Structure formats: structure tokens, C-alpha cells
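Structural features, examined
The primary structure of each chain is shown beneath.
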Amino acid sequence: MANLRYRTFSKNLPLRTPRIMFLILKGRKMKFTKLEHSGCIIENNSKKLVCDPVEFEAKIPKLSNVEVIIITHKHGDHFQPQILEKIVMKNPNVRIFAPQDFEISEINGQKIEKVEAVTGCNTANFSLKFFGRNHMPIIPNKIPCANIGVTINDKIVNPGDSFDLPNDLQNPELLLVPSEAPWLKSFESMEYIRNVQPKLVVPVHNAVLSKTGDNINNNWLKMACDENGVNFAALGIGESIEI
């Protein structure tokens, strides 16, 4: 287990200043910011990777220096074309990755690279290893669509809407764990934490929950983390950690 220290900067700040939580790991720093639902921004060397950017109740900030966009699957709570168009307009050289069954081939003239589990890719600031194949079933014995998970810089694991295990990676620094969906039960999320054994868990896929429901689900996930010696950070929209 890494030696972890938490610092929260939530008190005595102006209301316009977002609350930031830092997770400090010696000599290693990438910035992870949670967006709404399953969306997130990962920053490395001032360049950004964006996963599943969507807007329901919270606006996504204007993003510059975006090097990579990953869409884990084509459902509307993970892919909104109008949001991608805005990001691509400001970042015309961005690379976009999506599953093989994605039904469009470009956004604003920028090609969408369709990948599968055997695909790996290196950009200037991000090493990507894709894993998994299918979205978890909502209706028994029926696969809704393809889904890609991704390991980023051998530190961050995002499974999308699945509990697929990352290839050849044990004890990642950060694991994103779906908290609530029509396709999951809480014990499956808890078992996923036990199987992957990350250093830190951040719950995602939680736009479908009320504040009370979010707290209830987070308590179960934290229990699994505590039982396995894993740190837990329930980030709000716009909150960040450094790893």
C-alpha cells in the first residue's frame, strides 16, 4: 500500500473557488477531475484526456489543450454529440477513441478511431490500453452495445459500463467504480473493488441518484474499500485529486 496523505481545501475559500482534494503520491502527479455522471478529465503535463463528457445539470467548462477524448460506449448518458462538437472545435487536433459499433465516423471533420480490447495507443502524454468488450446486460442475456474500458498511463482504470478487469495491471493507483445503474447491484461494485485491488476508488455513474441515494451507495463502496485497505474519495462535480 502506498503512503497516502489527504489534504482538503474546502474551508474558508471564496464561493467561486471549487473545492479540491489532493491525493499525494511521492513523485507522481496527474490531475483527475470528476465531471457529471461518468465524465472525467485527466491532466498530464498540462495536456488533457477527457472521458465520456456529458451535460445534464452541470455545464462542462470550456476545455483547451485536449489531446484525447474517449467515449466508452454510445449510450446517451456517456455520449452527447453536441458536447463533443464543442470540444473538437476548440481542439481540432484531438484524437477520439470509441468502440467498434460506434455509428458515426467523425466529429467536426475529426476522425473517430474505433478500438477494441487488443488495441493500445500512445499519444504524446498518454499511454492507453483498452480492455473489455460489452456493456453489462440490462435485460438478461441481451448485450446492449459494445463497451471499452481503458487503462491510462498504467495508473488509472476506467471500465465504462462494465466490471471487466484490466489486462496485465494489478493494484492501479485509481479505479473508477460505477455506483448505480439499471445494470448493476451494489455487491457487484463491491466485488469489483476486491478483484482489482486499487490504491484509490472514485465512484462514478451516479447522476441517476439523489443526494441521499448517493450517500447510501457510497457507504457500501467505502465498506468494501475499508475491508480491502483501499482509499475512497467520493468526489463531487468539478472536484479534483492528484495522483
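Computed from a predicted model, the values in this text were never measured in an experiment.

1. Description of the overall build of the protein
A tally of helices and strands in the protein yields three helices and 17 strands. Across the 243 residues in the protein, those meeting the buried criterion constitute 51%. Of the contacts formed within the protein by residues at least 6 apart in sequence, a portion of 57% connects residues at least 24 apart. Accessible surface for the protein amounts to roughly 11900 Å². Of this, 49% is attributable to carbon and sulfur atoms.

2. Quick notes on the layout of surface pockets
The computed volume of the largest pocket comes to approximately 420 Å³. As for the largest pocket, its lining consists of 20 residues, of which Asn206, Leu209, Asp214, Gly236 and Ile237 are closest to the centre. For the lining of the largest pocket, the element with the highest residue contribution is helix α3 (residues 211-227), accounting for four residues. Its residues assigned to classes, the lining of the largest pocket comprises seven nonpolar, six polar and seven charged.

3. Focus on the environment of Ala146
By secondary structure assignment, the location of Ala146 is in the loop between β11 (127-131) and β12 (149-152). In this structure Ala146 comes out as buried when scored by relative accessible area, which is 16%. Each C-alpha atom of the pair Ala146 and Asp161 lies 9.6 Å from the other, and the pair is 15 residues apart in sequence.

4. Focus on the packing of helix α2 (residues 186-196) against α3
Where α2 contacts α3, the two axes come as close as 9 Å, and the packing angle between them is 30°. Considered as vectors, α2 and α3 are oriented roughly parallel to each other. Viewed along their axes, α2 and α3 form a crossing whose handedness is right-handed. Note on element contacts: α3 touches α2 through Asn217, Trp220, Leu221, Met223, Ala224, Cys225 and Glu227, opposite Ser186, Ser189, Met190, Ile193 and Arg194. Residue classes in the contact of α2 with α3 are distributed as seven nonpolar, three polar and two charged.

5. Some points on unusual backbone geometry
The backbone of Asn65 sits at a positive phi, close to 60°, despite the residue not being glycine. For Asn65, a relative accessible area of 38% puts it in the partly exposed group. Phi is positive for Gln197, close to 55°, though the residue is something other than glycine. The residue Gln197 is located in the loop between α2 and β15 (200-204) in this model.

6. Some remarks on the nonpolar core
Core analysis: the biggest nonpolar cluster contains 27 residues, and Phe32, Ile42, Leu49, Ile70, Leu128, Leu174 and Val202 have the highest contact counts within it. Put simply, the parts of the chain that give this core at least two residues each are β4 (40-44), β5 (47-51), β6 (66-70), β11, β12, β14 (174-178) and β15. No other element matches β15, which puts three residues into this core.

7. Comments concerning the sheet that holds β4
What the eight strands build is an open sheet, ordered β8-β9-β7-β6-β5-β4-β3-β17; its pairing is mixed. In this open sheet, the two strands that pair with only one neighbour each are β8 (106-107) and β17 (240-242). Bridging between β5 and β6 involves four bridges; their strand directions are parallel. Within β6, the residue paired with Leu49 across the bridge is Val68. Strands β6, β7 (95-99), β8 and β9 (110-115) of the sheet are contacted by helix α1 (residues 81-90), whose axis makes an angle of about 160° with β6.

8. Regarding the environment of Leu200
Here Leu200 is to be found in strand β15. Linking Leu200 and Leu176, residues 24 residues apart in sequence, is a C-alpha distance of 8.7 Å.

9. A look at the sheet that holds β15
Note: strands within a sheet are paired through backbone hydrogen bonds, in either parallel or antiparallel orientation. With mixed pairing, seven strands are arranged side by side in an open sheet as β10-β11-β12-β13-β14-β15-β16. In this open sheet, the two edge strands, each paired with only one partner strand, are β10 (120-122) and β16 (231-232). Looking at chain direction, β10 and β11 are connected through three bridges and run antiparallel. Paired with Asn122 across the strands is Ser127, a residue of β11. Taken strand by strand, α2 contacts β11, β13 (156-158), β14 and β15, and its axis lies near 160° from that of β14.

The rules we used
Here the residue index of a chain counts from 1 through its sequence in written order. Since the coordinates come from a predicted model, pLDDT governs what is reported: local features require at least 70, and pairs of side-chain atoms require 80 or more to be given and counted, while whole-chain, interface and lining totals use all residues. Note: side-chain values were computed over all heavy atoms of the structure, leaving out hydrogens and water. Numbering goes from the N terminus for both helices and strands, where a helix is a DSSP run of H or I of at least four residues and a strand is a run of E of at least two. Burial classes follow relative accessibility: with a 1.4 Å probe on protein chains only, a residue under 20% of its type's maximum area counts as buried, one over 50% as exposed, and anything between as partly exposed. Only heavy atoms enter the contact rule, under which two residues are in contact if any of them lie within 4.5 Å. For the accessible areas, the method is Shrake-Rupley and the probe is 1.4 Å, while residue cover comes only from the protein chains on display. A 1.4 Å probe that fits but cannot get out identifies a cavity on a 1 Å grid over protein atoms alone, an open set with protein on both sides within 12 Å along at least five of seven lines counts as a pocket, and a residue lines either if it has an atom within 4 Å of a point. Grid points are joined across faces, edges and corners, and a volume is the space filled by probe spheres set on the points. Put simply, Ala, Val, Leu, Ile, Met, Phe, Trp, Tyr, Cys and Pro go in the nonpolar bin, Asp, Glu, Lys and Arg in the charged bin, and everything else, Gly too, in the polar bin. Helix axes use the C-alpha atoms of the stretch in contact, all axes being lines fitted to C-alpha atoms, and the angles between their N-to-C directions lie in the range 0 to 180 degrees. Geometric relationships in this document are graded by angle, where less than 35 degrees denotes roughly parallel, more than 145 denotes roughly antiparallel, 65 to 115 denotes roughly perpendicular, and other angles denote oblique. Two helices cross in a left-handed way if the nearer one is turned anticlockwise from the farther one by less than a right angle. They cross in a right-handed way if the turn is clockwise. Side-chain atoms within 4.5 Å link the members of a nonpolar core, which is a set of buried Ala, Val, Leu, Ile, Met, Phe, Trp, Tyr and Cys residues. At least two bridges found by DSSP between two strands are what make those strands a pair.

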